[in-house]
Amino acid sequence: MASLRAAFRLPGLAKVAARQNTFVNTAVRAYSTKPQGLKDRLRELIPEKREEVKQVKKELGSKVLGETTVDMAYGGMRGIKGLIWEGSVLDAEEGIRFRGRTIPECQQVLPKAEGGQEPLPEGLFWLLVTGEVPTTEQVRALSAEWADRAALPKFVEELLDSCPNTLHPMSQLSLAVTALQHESEFAKAYQKGLHKTEYWDTTYEDSMNLIAKLPNIAGRIYQNVFKQGKIAEINPNLDYSANLANLLGYGDNATFVELMRLYLTIHSDHEGGNVSAHTTHLVGSALSDPYLSLAAGLNGLAGPLHGLANQEVLRWITKMRADLGGKDASDETIKEYVWKTLNAGQVIPGYGHAVLRKTDPRYTCQREFALKHIPDDPLFKLVSQIYTVAPDILLEHGKTKNPWPNVDAHSGVLLTAYGLTEQDFYTVLFGVSRGLGVLSQLIWDRALGMPLERPKSYSTAHIKKMYNMK
C-alpha cells in the first residue's frame, strides 16, 4: 500500500492525485483487501520459529528424547525418536494430526471448493507450511498460483513422451522430477553464493514450482501409458485436484474430483519416519535441491512395502472375489479365505501399521466417502466384510501388532469404482500428494538451518563386544 500511495506523490502527479482522489482511495482499498500470500506469511513466521527452536534447544537440549535398543538398530531403526518434523505427528492410538488437527477436524475447517464437501489440498499445504487455517480467498489465490506455475519445459515433455509405455509410471515420475532439476532456483543461487539464512527462499520457489507441475507430469504419464496420449491443458480457473482429474480424463465426474481432493489431502503427510518422508529429508539435508530430494523420496515410495502397498491390497481383493466366483460371499467364507492366506505364510495386505495401534483414520474417512457415494459397489462391500472379520482373525493368529486396516486397505477400491483401474498408476497419485507434505517440511528444514543427517552405526561384532557377548 505504501508503494501505491508513493506513486501518487511523485512530482508532477500531485495535482492529478488530488483531482482523482476517489480513484486513489478505491485503488488503495482494493490493494489492502488482497489476501496475504503464503510466502509473505511464511516470511513473517520464520523469525518467530527460529527463536522458538533456539529456546527449545537451549532449555531442553540435554533432555533424553527416547531410548534406543539393539532390536531397534536391527529392526530398521523402528521407533527410534530422532527427527524433527513440523507438519504432522502420528500417535499410535489417536492417528495422524496435521499441525495438531485430526483428519475430521481438517475436513471441517479447511476451505472447500464451491459446492464441494471435501477439503482442498491447497488448504492443507497452507496449514502444513504455516500452522494456520487459510481463508477461502487465500486458497483460491494458491490454486491460481499453482496453475500459473504448472507448465512443463519442452524437454521434460519430450522426455516423458519418449519413454516406453513398459517403463513403470513411478520410474517416469522420478525421471521427470529429476530432469526438472535443470530449473532449480536453489541450485543456481547456491552456486552464486547464498547466505544460509536465505536458503529457504529459493527452496520455497522450487517447491512451489515442483508441486504445481506434478499434476501435469502425472497426467502426461497416465495418458501416454494407458490412453491415447492426448494431453489436456491446465485450466487457470480450476483448483489443483480438479485440474489433476481433468488431466487424467475424469474432470467431468464431480464425485471423482471430490475423491481427488480427499485423496491428495489425506496422503500428503504422515510424520517424518516413513520411507518417502525420511528419504526426502535425508537427501535434502545434504543441500540437494527440492527436485533431487523429492525424486529420492519418490523412489522410496515406489517400494512394495511403502507406496505400492495399495496395489497389493487391490490385487488380493480382486483375486479373492475371482476365487469366490465373483459373487457376494458370507462372512464365514471370507474368514476361511483370510485363514487360507495366513496359513500360506502370506500377510493380509492393508492391515497393520508400523506405528498405529488402531484403525487408520485415513481408512475411516475413505470408508465414509464410499458409504456416501458407492455403498453398493461390489469391491467396497467386500472390503467392508473383510473389515468386520479380519481383525479378530489377526488377533487370534497372534503375529500382527496392529490388526486394523491402514490407508492402503481402501484407496485402490475407491479409484477402481470410478474407472481408474490401472493399478500401476496408483502410486503416482500417492507421489503427487506426498510432495505436499515433504516439500513443506523441506522449506522449514532450510529456514531452521537443519544440519546434515548423519546417525551413528555399529557392526554386529561391535555390539557383541559392547555387551561382552562371546
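Each chain has its residues counted from 1, following the order in which its sequence is written. Side-chain atom pairs in this predicted model are given and counted only at pLDDT of 80 or more, local residue features only at pLDDT of at least 70, and totals for whole chains, interfaces and linings cover all residues. The side-chain quantities take in all heavy atoms of the structure and omit both hydrogens and water.

Every helix listed is a DSSP run of H or I at least four residues long, and every strand listed is a run of E at least two residues long, numbered separately from the N terminus. If you tally the helices and strands in the protein chain, you get 23 helices and two strands. We compute the radius of gyration over the C-alpha atoms and compare it with the globule rule, which gives 2.2 Å times the number of residues raised to the power 0.38. The C-alpha radius of gyration computed for the protein chain amounts to 25 Å, which stays within 12% of the reference 23 Å derived for 470 residues, consistent with globular compactness. Its C-alpha atoms put the protein chain at 90 × 60 × 45 Å along the principal axes. Sequence separation of at least 24 residues holds for 75% of the intrachain contacts in the protein chain that already meet a minimum separation of 6. Two residues form a contact once any of their heavy atoms are found within 4.5 Å.

Turning next to helix α8 (residues 136-148). Take the residue count of a helix, subtract one, and multiply by 1.5 Å to get its expected span. Across its 13 residues, α8 extends 18 Å between first and last C-alpha, which sits within 8% of the 18 Å expected from 1.5 Å per residue. Each residue's exposure class comes from its accessible area (1.4 Å probe, protein chains only) as a fraction of the maximum for that residue type: buried when under 20%, exposed when over 50%, partly exposed otherwise. Within the span of α8, buried status applies to Gln 138, Val 139, Leu 142, Ser 143, Trp 146 and Ala 147.

Before going further, it helps to spend a moment on the environment of Leu 314. Inspection of the secondary structure puts Leu 314 in helix α17 (residues 309-323). Residue Leu 314 is classed as buried on the basis of its relative accessible area, which comes to 2%. Distance from Leu 314 to Ile 334, taken between C-alpha atoms, is 16 Å for residues 20 residues apart in sequence. Apart from the residues lying within four places of it in its own chain, the contact partners of Leu 314 are Leu 379, Gly 412, Val 413, Thr 416, Gln 423 and Tyr 426.

Attention shifts here to the packing of aromatic side chains. For any pair of aromatic rings, geometry is given as the distance between the ring centres together with the angle between the planes. Pairing of aromatic side chains here covers Phe, Tyr and the six-membered ring of Trp, requires ring centres within 6.5 Å, and sorts the geometry by plane angle: under 30 degrees stacked, over 60 edge-to-face, intermediate tilted. This model, assessed by the stated rule, comprises 12 aromatic pairs. A ring pair is formed by Phe 186 and Tyr 190, whose centres lie 5.9 Å apart and whose planes are at 25°; its orientation type is stacked. Here Phe 186 pairs with Tyr 190, and both are found in helix α11 (residues 185-192), just four residues apart, close to one helical turn. Accessibility expressed as a relative area gives 1% for Phe 186, which makes it buried. Look at Phe 256 and Tyr 418: their rings are 6.3 Å apart centre to centre, the planes differ by 65°, and that puts the pair in the edge-to-face class. Placement of the pair is Phe 256 in helix α14 (residues 254-266) and Tyr 418 in the loop between α21 (408-417) and α22 (426-447), with a sequence separation of 162 residues. Comparing Phe 256 with Tyr 418 shows no difference in burial state: the two are buried. Put simply, the rings of Phe 125, Trp 146 and Tyr 240 pair up and form one aromatic cluster. Here, over-ring charges are defined by two tests on the NZ atom of lysine or the CZ atom of arginine: distance to the ring centre within 6 Å, and angle to the ring normal within 35 degrees. In this arrangement the basic side chain of Arg 446 is found over the ring face of Phe 186, its NZ or CZ atom lying 4.5 Å from the centre.

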